Amino acid sequence: MRSFLRPLLTSRFSFSKLNVSDMCDSTPLAPSLGKTWRLARRLIISPGALGACIAIVLTFSWTAQAASQPVFGPVRTAPIGEYAVSFCTGDFNLDGKPDVVCNVWQTYVAVYLGDGFGGFTLANMYPAGSEGNNLAVGDFNSDSKPDFVVGVERGPTVKFYLGNGDGSFREGTNYFIGNWPSAVQVSDFNGDGKDDVVGIDFGQGTFSILLGNGDGTFHFSHNRTALAPSARDVAVADLNHDGRPDLAVSCYGPSGFVNVLIGNGDGSFTLVGTNASPNPVSTLAIGHFNDDDHPDVIWANMAPQGSMTLLLGDGSGGFYGKTNLTVRAYPEALTVADYNGDGIDDVCIGHNNAWYQTLMLGNGRGGFIINTNIQMAPRFEPTTALGSPDVNSDGRPDLMAISYNKLLVLPNLSKPSLSITKDNPNVVLSWPLWPGFTLESSSFAEP
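Here's what I pulled together on the structure shown here. (Residues numbered from 1 in each chain as written. Predicted model: local features only at pLDDT ≥ 70, side-chain atom pairs only at ≥ 80, totals over all residues. Heavy atoms only, no water.)

### Some words on the overall build of the protein
Item 1. For the protein, the count of helices and strands is 1 helix and 35 strands.
Item 2. In the protein, buried positions account for 52% of the 447 residues.
Item 3. Within the protein, contacts between residues at least 6 apart in sequence are counted, and of these 49% link residues at least 24 apart.
Item 4. Taken as a whole, the protein presents about 18,800 Å² of accessible surface, with 52% of it coming from carbon and sulfur. (Helix = DSSP H or I, 4+ residues; strand = E, 2+ residues; numbered from the N terminus. Buried < 20%, exposed > 50% of the residue type's maximum accessible area, 1.4 Å probe, protein only. Contact = heavy atoms within 4.5 Å. Areas by Shrake-Rupley, 256 points an atom, 1.4 Å probe, with all protein chains shown as cover.)

This is the structure in C-alpha cells:
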C-alpha cells in the first residue's frame, strides 16, 4: 500500500513492469507447459470520506515454456550384484515411492526399496536369473499389489513372483516358453481386465502369449509360435488405434529386422509387416516423434559404426519414412521419455563398449538433435540397461541405468521457464489528490 499525505492538484502513478514474484504474492501458481495464463493487477484509489473509490485493472500474460536443454543432477549409486542385466520399477511396498527389481545374470533377482529421492536399499533376493531384457511388473492375482515376472534360462523359463505389498514376494506358478527367454512384457491382450504376458524366446525365434486367469495362473493363446530367427526384444503399444495392444518384435541377426503383429483382441496376433534393418537389432522402443499422435518405433542397430533406425507410424499398423541415425558404436540399450518437457519424446542410448549415454532430443518432425553425452557410469563400465522412471515423484522422467554391479540414478532437474508479456503496457493513472489519499493494489490470476 502506498500513501500520499500532502495535497496536490494531480499525481501520476505508472506501472511499467511486474516481477514474477508479484504474480504469486497470494496463491502459488503452477502454469502448465504451453498454456497461457493472464494476471490482472487491480489498483484501487481510495479518497477516504471525500468520494467513491476508483479502480483500474492492468493485465499481464505469461506462458510456460519447456527448457531447451534438459538439466540432470549428480548421479546416485546403489551397489547390486555382479553382472546385473535388466531392471524394472514398481511400488512394491505401497508407500507411493518407486522401487526397483534387478535381474542379476544367471543368479537371482534383487528387490530395492526407494526412498523417494533417488536412493535405494536392498530389501530381498530371490533365485532366478537370465540374460536379456526380461523383467516386467504387473498385478497377476488381482490383489492390487505389484508382482513381477522374470525369464530364466534352462528351466521353467518364466517365473512369477507375487507381491505381498510390503516389498517381499512369494513364488507363483512357472511356465515354459523356450530355453532362452530374452524379453517379457505385460499387457491385457484379450480385453478381460486381467494382466497377460508376452514372452520372446531368442533361441528358437518364437513368441508366447500367456493369458492371465486373475489368480496368478495363466493359459496359453500362443505357445512358442514361430516368428523369426533370433527374435530378441518386444515392445507393446496400440499401433492401429483399435484399443487393442499390438507388438513390435526385434530380431537380432545376422541381418536384423522388426516384425509388427496386430492384436486381434482375443489374445491372438497376426503378422502384418516386416521392416528390414542393415544390422542386428539389439533393442527397440515405441514413442511419439512427430505431431500426428500415431505410435512410432525406434530401434538400435548393433554394429561398430553405430546407428539407430526410426520408422513413423501411419496409425493403421504400418510404418513409413525410415530414417537411419548415426550414433556412437554398439548401441545396446535405449529408453524413451520427454526429458526437457516440450511434449516431444526424446531418446537416451546406452552403448555396450562405452561408459556414457547418448541423449537425442526430438524435434517433433521425426528427427533428433543428437544433443550430448551423459556419463553415468565410471570409466570402462558400459551400461546394460536403461529406463526413465520418475524416482522422486516430481513429475519429470529421470534416468536409471545398470552398469555391471551398480544401479545408477540421474535425477532430472529440468524446469520450465516463463515468458511474460504485459497486455496494456505503460499504463499511466492521473487523478486529483487530497490529504489522506491512499493507493493499494491486489492481484488475481486466471488461466
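### Points about unusual backbone geometry
Item 1. A positive phi angle, close to 60°, is found at Ser230, a residue other than glycine.
Item 2. Along the polypeptide, Ser230 turns up in the loop between β17 (218-226) and β18 (231-237).
Item 3. A residue is classified by how much of its surface remains accessible, and Ser230, at 21% relative accessible area, is partly exposed.
Item 4. Phi at Ser393 is positive, roughly 55°, even though this residue is not glycine.
Item 5. Inspection of the secondary structure assignment puts Ser393 in the loop between β30 (385-387) and β31 (399-403).

### Quick word on the sheet that holds strand β15 (residues 196-201)
Item 1. Judged by pairing direction, the sheet is antiparallel, and its 4 strands sit side by side in the order β14-β15-β16-β17 without closing on themselves. This sheet does not close on itself; its edge strands, each paired only once, are β14 (181-187) and β17. Averaged over neighbouring strand pairs, the angle between their axes works out to 15° when direction is ignored.
Item 2. In this structure, β15 lies alongside strand β16 (residues 206-212), joined through 5 bridges in antiparallel fashion. The residue bridging Asp201 from the neighbouring strand is Thr206, located in β16. (Pairing = 2+ DSSP bridges. Axes fitted to C-alpha atoms, helices over the stretch in contact; angles between N-to-C directions.)

### Here we look at the pattern of salt bridges
Item 1. Enumeration over the complete set of coordinates arrives at 4 salt bridges.
Item 2. Across the pair Glu171 and Lys159 runs a salt bridge whose closest N-O atoms are separated by 3.5 Å. In this pair, Glu171 sits in strand β13 (residues 169-171) while Lys159 sits in strand β12 (residues 158-163), placing the two residues 12 residues apart along the sequence. (Salt bridge = Lys/Arg side-chain N within 4 Å of Asp/Glu carboxyl O.)

### Details of the packing of aromatic side chains
Item 1. Within the structure shown, the criterion is met by 17 aromatic pairs.
Item 2. The interplanar angle of 85° and the centroid separation of 5.8 Å between the aromatic rings of Tyr175 and Phe218 together place this pair among those described as edge-to-face. You can see Tyr175 sitting in the loop between β13 and β14 and its partner Phe218 sitting in strand β17, a full 43 residues away along the chain. The same class applies to Tyr175 and to Phe218, which are both buried.
Item 3. Of the aromatic side chains, those joined through ring pairs into one cluster are Phe92, Tyr126, Phe148, Tyr161 and Phe169. (Phe/Tyr/Trp six-rings, centres within 6.5 Å; stacked < 30°, edge-to-face > 60°.)

### Remarks on the environment of Phe218
Item 1. Judged by its relative accessible area of 7%, Phe218 is buried.
Item 2. Taking the C-alpha atoms as reference points, Phe218 and Asn174, 44 residues apart in sequence, are found 9.3 Å from one another.
Item 3. Filtering out sequence-adjacent residues up to four positions away, Phe218 remains in contact with Phe140, Phe160, Tyr175, Asp195, Asp196, Val197, Leu210, Leu211, Gly212 and Asn213.

### Digging into the pairing of strand β23 (residues 296-301)
Item 1. Taking burial as the measure, the 6 residues of β23 include 6 buried ones, the bulk of the element.
Item 2. Across the two faces of β23 the burial is the same, with Asp296, Ile298 and Ala300 and Val297, Trp299 and Asn301 all buried.
Item 3. The pairing of strand β22 (residues 281-287) with β23 spans 6 bridges and is antiparallel. Within β23, the residue paired with Gly287 across the bridge is Asp296.

### What to know about the pairing of β18
Remark: a regular strand shows side chains that alternate across the two faces of the sheet.
Item 1. Within β18, 5 of the 7 residues are buried, leaving the element largely enclosed by the surrounding structure.
Item 2. Summarising the sheet, β18 and strand β19 (residues 246-251) pair through 6 bridges and their orientation is antiparallel. Bridging across to β19, Val236 finds its partner in Leu247.

### Observations regarding the sheet that holds β19
Within a sheet, adjacent strands bond to each other through the backbone by hydrogen bonds, running parallel or antiparallel.
Item 1. Strands sit in the order β18-β19-β20-β21 across an open sheet of 4 strands; the sheet is antiparallel. Across the chains shown, the open sheet's two edge strands, defined by having one partner strand only, are β18 and β21 (269-276). For this sheet, the mean inter-axis angle between neighbouring strands, taken without regard to orientation, is 20°.
Item 2. As paired elements, β19 and strand β20 (residues 257-263) share 5 bridges and run antiparallel to each other. Note that in β20 the partner of Val249 across the bridge is Asn259.

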